[in-house]
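Next come the chains, spelled out residue by residue.
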Amino acid sequence: MYKRIKAAAIAMVMAMGMTCAFGCGGGNESVSSPEDDSSSVSSAETETIKYTKISGEENFTLAPDEKKTVMIGRDIGEANYFSIELTTTENLEGSFNYAASDNSDERKTELFFIDAEAKEPFNQLIDWFSRVGEPTRESEDQLYKIPETWYERKEYKKTVDSVTFTNKGENSATVAISSIKVAKRDMVLDKTVYIQNDYIKAGVNLGWGGGVGFLTRTDKNVQQVVVGDKNMVGVNYANKDGAKLIGDHVNLINSSTAGRSAQVSLYGKNTDDDTYTRAIYRTTKASWCYNPVQCGDQWDTHSQVVDYRISDTEIYVKTRPRDWAPCETTKAYTECTYTLVGKCIKAKNRFYDWSGLTHDKYENGELVPNRRNQEMPALSAVVPLHTMVLYEGDSPWTNANLTRRENLGYWSVASGQAGEYLSTSKARECWAAWVNDDDFGLGLFVPQIEKAVAGRHLNYNLSFTGAADKQIQFNYLTFLGVFALESYEPLDYEFYLTCDNVTNMRKTFKKLNETEGVGNANVLEWQQKRMESLK
């Protein structure tokens, strides 16, 4: 799965935003985004990574928390990609330490983490930075003002001082380094990259940390039109009487901010101590828990992509998610491998928290498991898909009647403005969809997870102008695992997205449900483990 693959056959254009975190309540109103870029990669072009070895074999042992510094002292030119081949008996936290060749006073350090169970070389991109202005407010009663956000790519000649390794395990670590190498890669981190087949086209936005920000059909023309004062999205909708065409082959996923699209948002530590200090979420004006968000933070600062591989059939992205309220890069990794399965895009994911935080909470002076609703993922659909459809009966996969919910309200309890939204633990077929009047829309299937929440963003209306996927208003859907995060424990999970009519997507999801190997057993194990600890 993690072998090096070719870069090929992909058009790259800029898309914006990602999903809103559950509990964040869609509060990220910023519309800041990386600049549009419509550049492309020719199908004949292949990425060739040429490495230069900067350090050879090193063998050493480390006591718990002991640090080893491997001295390098090499000019690496414009290289921006490190590769470390090693084996270790314990988890290692490390850092690349370098400086601009012509400005040695400006030292830089970029952290990394190597899992003891990793079987492949560790790779990391450097020199991709995002900067954000300081949020301000004139008084305690006002919401924060949104600062200017901008992005820059740094490509310059560098000198590597050293690479450090610290043993984060409980036992002595035996480390054997075969080599440390560097290379220069042509970064595409400000673009959306696509995979497609005869049915669908899916886009993964590297500019926002690798969430799914685009989905449409390739065999049907999904169009956005305005009829009178109403926006509509559907197949061949330009044929409707009085229709004004807004766009062809339109995106059904809202991708307007770092809080949109389809991405994972997880929740952890909710107390302040010497290991973690909560920050204020600007919409609720309340302290917010530890919340790694795949695509970025509340001020639209994008998450750092540390590795990616792209082919015409698969996209792999490894990201250090941002902590939503403090607006800081977390010590965590989200790894996502995207492939196409028939009419679906499959997201196979791995989350690894290496913060060392104890993700529990205190109740009446006692430390108890901090079981939280974990978005796996949160999905933002375009507003014209106005009706929520799912199955809540007791006879799943028998074509029994579906639940249909129109005019859903805002879902954010934390904001104090929640309406009559959908909240259920009986989504028995583990899928739900936002659809139009013709039952065509965007569907999400999360195997074995039956808890779902859905609602419509505040100020919901259909009278906007412009592309639906760039509007602040959106429709929200998530399936929720219920468990406490754990440091130094990998979590594997998967989900599927499709765009189709309800009858067909239900058949598609049923077939997937019957396929061997489809499931979220690891999530169920985490849920059960914490349930048992509460007994």
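Here's what I pulled together on the structure shown here. (Residues numbered from 1 in each chain as written. Predicted model: local features only at pLDDT ≥ 70, side-chain atom pairs only at ≥ 80, totals over all residues. Heavy atoms only, no water.)

A few points about the pattern of salt bridges
This model, assessed by the stated rule, comprises 19 salt bridges. The partner of Arg 309 in a salt bridge is Asp 307, and the shortest N-O contact between them spans 3.0 Å. Across the pair, exposure class does not vary: Arg 309 and Asp 307 are buried alike. A salt bridge links Arg 350 to Glu 335; the nearest nitrogen and oxygen atoms lie 3.9 Å apart. Separated by 15 residues along the polypeptide, Arg 350 in strand β29 (residues 344-353) and Glu 335 in strand β28 (residues 332-341) bring together distant segments of the chain. Connected through shared salt-bridge partners, Asp 115, Glu 335, Arg 350 and Asp 492 make up one network. (Salt bridge = Lys/Arg side-chain N within 4 Å of Asp/Glu carboxyl O. Buried < 20%, exposed > 50% of the residue type's maximum accessible area, 1.4 Å probe, protein only. Helix = DSSP H or I, 4+ residues; strand = E, 2+ residues; numbered from the N terminus.)

A few points about the side chain of Thr 271
Positionally, Thr 271 belongs in the loop between β20 (262-265) and β21 (279-281). A polar side-chain atom of Thr 271 sits 3.2 Å from a polar atom in the side chain of Lys 269. (Polar contact = N/O pair within 3.5 Å; in protein donor to acceptor, adjacent residues only side chain to side chain.)

Some remarks on the sheet that holds strand β18 (residues 230-235)
If you trace the three strands from one edge of the open sheet to the other, you get β18-β17-β19, paired in antiparallel fashion. On the outer flanks of this sheet lie β18 and β19 (243-247), each paired with one strand and no other. The mean inter-strand angle of the sheet, taken between neighbouring strand axes irrespective of direction, is 35°. Judged from the six bridges that link them, strand β17 (residues 222-227) and β18 form a sheet pairing that is antiparallel. Opposite Val 227, over in β18, you have Lys 230 as the bridge partner. (Pairing = 2+ DSSP bridges. Axes fitted to C-alpha atoms, helices over the stretch in contact; angles between N-to-C directions.)

What about the sheet that holds strand β25 (residues 314-320)?
Spatial ordering of the open sheet is given by β24-β25-β28-β29-β40-β37-β36-β33-β34, a layout of nine strands whose pairing is antiparallel. The open sheet terminates on both sides in strands that have one partner only, identified here as β24 (304-310) and β34 (403-405). Geometrically, the sheet is characterised by an average inter-axis angle of 20° between neighbouring strands, direction not taken into account. In this structure, β29 lies alongside strand β40 (residues 490-501), joined through nine bridges in antiparallel fashion.

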